[in-house]
Amino acid sequence: MPVPLIRHARYADEDALGRLDRATWSPLHSVMPRPQQPYAPFFGERSGPEDHLVAELDGRLVGYLRLGLATGLASNAHVRMIRGLAVAEEARGRGVGRALLRAAVEETRRQGARRLTLRVLGHNTPARELYESEGFVVEGVLPEEFHLDGAYVDDVFMGRSV
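Bear in mind that the values here come from a model prediction, so they are computed numbers and not experimental data.

Enquirer: Give me the pairing of strand S7 (residues 151-161): which residues, what numbers.
Expert: Pairing of strand S5 (residues 115-121) with S7 involves 7 bridges; the strand directions are antiparallel. Each residue of the ladder has a partner; that of Leu116, found in S7, is Arg160. Strand direction decides the pairing type here: strand S6 (residues 137-148) and S7, joined by 8 bridges, are antiparallel. The residue of S7 that forms the bridge with Gly140 is Phe157. From the end of S6 to the start of S7, which pair antiparallel, there are 2 residues, and Asp149 there has a positive phi angle of about 55 degrees.

Enquirer: I'd love a proper account of the sheet that holds S6, names of residues and values included.
Expert: Spatially, the 7 strands line up as an open sheet ordered S1-S2-S3-S4-S5-S7-S6, and their pairing is mixed. Each edge of the open sheet carries a strand with a single partner, namely strand S1 (5-8) and S6. Neighbour-to-neighbour, the strand axes of the sheet open up by a mean angle of 25 degrees, direction not taken into account. Across the sheet, helix H2 (residues 96-110) is in contact with S1, strand S2 (52-57), strand S3 (60-69), strand S4 (79-87), S5 and S7; its angle to S3 comes to roughly 35 degrees. Each of S4, S5, S6 and S7 is contacted by helix H3 (residues 125-133), which is oriented at about 160 degrees to S5, the strand it contacts most.

Enquirer: Residues and numbers for the environment of Ala23, please.
Expert: Relative to the assigned elements, Ala23 resides in helix H1 (residues 14-23). Each C-alpha atom of the pair Ala23 and Pro35 lies 9.6 Å from the other, and the pair is 12 residues apart in sequence.

Enquirer: Could you give me a rundown of the packing of H2 against H3, with the residues and numbers involved?
Expert: Taken N-terminus to C-terminus, the directions of H2 and H3 make an angle of 45 degrees; their axes are 10 Å apart at the nearest point. When the interaxial angle is binned, H2 and H3 end up oblique. Here H2 and H3 pass one another in a crossing that is right-handed. Along its contact with H2, which presents Gly97, Arg98 and Leu101, the element H3 presents Leu130, Tyr131 and Ser133. Across the contact of H2 with H3, the residue classes break down as 3 nonpolar, 2 polar and 1 charged.

Enquirer: I'd like to hear about H3, residue by residue, with values.
Expert: Of all the residues in H3, the buried ones are Ala127, Leu130 and Tyr131. Viewed end-on, H3 has its buried residues packed into an arc of 95 degrees, placing them on one side of the element. If you follow the buried residues of H3, they end up packed against S4, H2, S5 and S7. Immediately beyond the C-terminal end of H3, within one or two residues, lies Gly135, with a positive phi of roughly 95 degrees.

What counts, and where the lines are drawn
- Note on numbering: residues in each chain are counted from 1, in written sequence order.
- In keeping with the predicted nature of the model, local features appear solely for residues at pLDDT of at least 70, side-chain atom pairs appear and are counted solely at 80 or more, and the whole-chain, interface and lining totals rest on all residues.
- Only hydrogens and water are set aside when side-chain values are computed; all heavy atoms of the structure are taken into account.
- By definition, two strands form a pair when at least two bridges between them are found by DSSP.
- A run of H or I in DSSP becomes a helix once it reaches four residues, and a run of E becomes a strand once it reaches two; helices and strands are each numbered from the N terminus.
- The angle between two axes is taken between their N-to-C directions and runs from 0 to 180 degrees, where each axis is a line fitted to C-alpha atoms and a helix contributes only its stretch in contact.
- Contacts were defined at the residue level, with two residues in contact if any of their heavy atoms lie within 4.5 Å.
- Comment on the angle field: the value is read as roughly parallel under 35 degrees, roughly antiparallel over 145, roughly perpendicular from 65 to 115, and oblique elsewhere.
- Should the near helix be turned anticlockwise from the far one by less than a right angle, the crossing is left-handed, and should it be turned clockwise, the crossing is right-handed.
- In the scheme used here, Gly and all other residues not listed as nonpolar or charged are polar, with Ala, Val, Leu, Ile, Met, Phe, Trp, Tyr, Cys and Pro taken as nonpolar and Asp, Glu, Lys and Arg as charged.
- Relative accessibility thresholds used throughout: buried, under 20% of the residue-type maximum; exposed, over 50%; partly exposed, between the two (1.4 Å probe, protein chains only).
- The directions considered for the arc are those from the helix axis to the C-beta atoms.

Right, here's the structure in full:
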């Protein structure tokens, strides 16, 4: 099985990332409504190509991870937060998500940060299991924080040292 190539995003990836983001939308992991036309640009004021790691398999973009500051506070500058992770349906189970997480840990270290955090919906068992297998631990839970698809869903905070 080929190993995914992980690299920083480029502006030229914007259309492919937008398509991937829309194709992978699901209430399993998204608290936002399903994207509708006209679609907003993938890169924006708050996150550009430099904030994204992308995964390629066989020359095709099949995943991304958005990495950013946890907050804008100087006292919190040692923490990075995963603000999005998506893997194309046809690439799932091929190590893409794991490779992106490992690259995010390395990028967090490269930036001189000490911790990496994320938020995941309580009902997203596959993602939670992947995060746990990569050293993330549950650090807090907001019970029934979201109402999605007719059900109340917990917001789970996870983190790890890097």
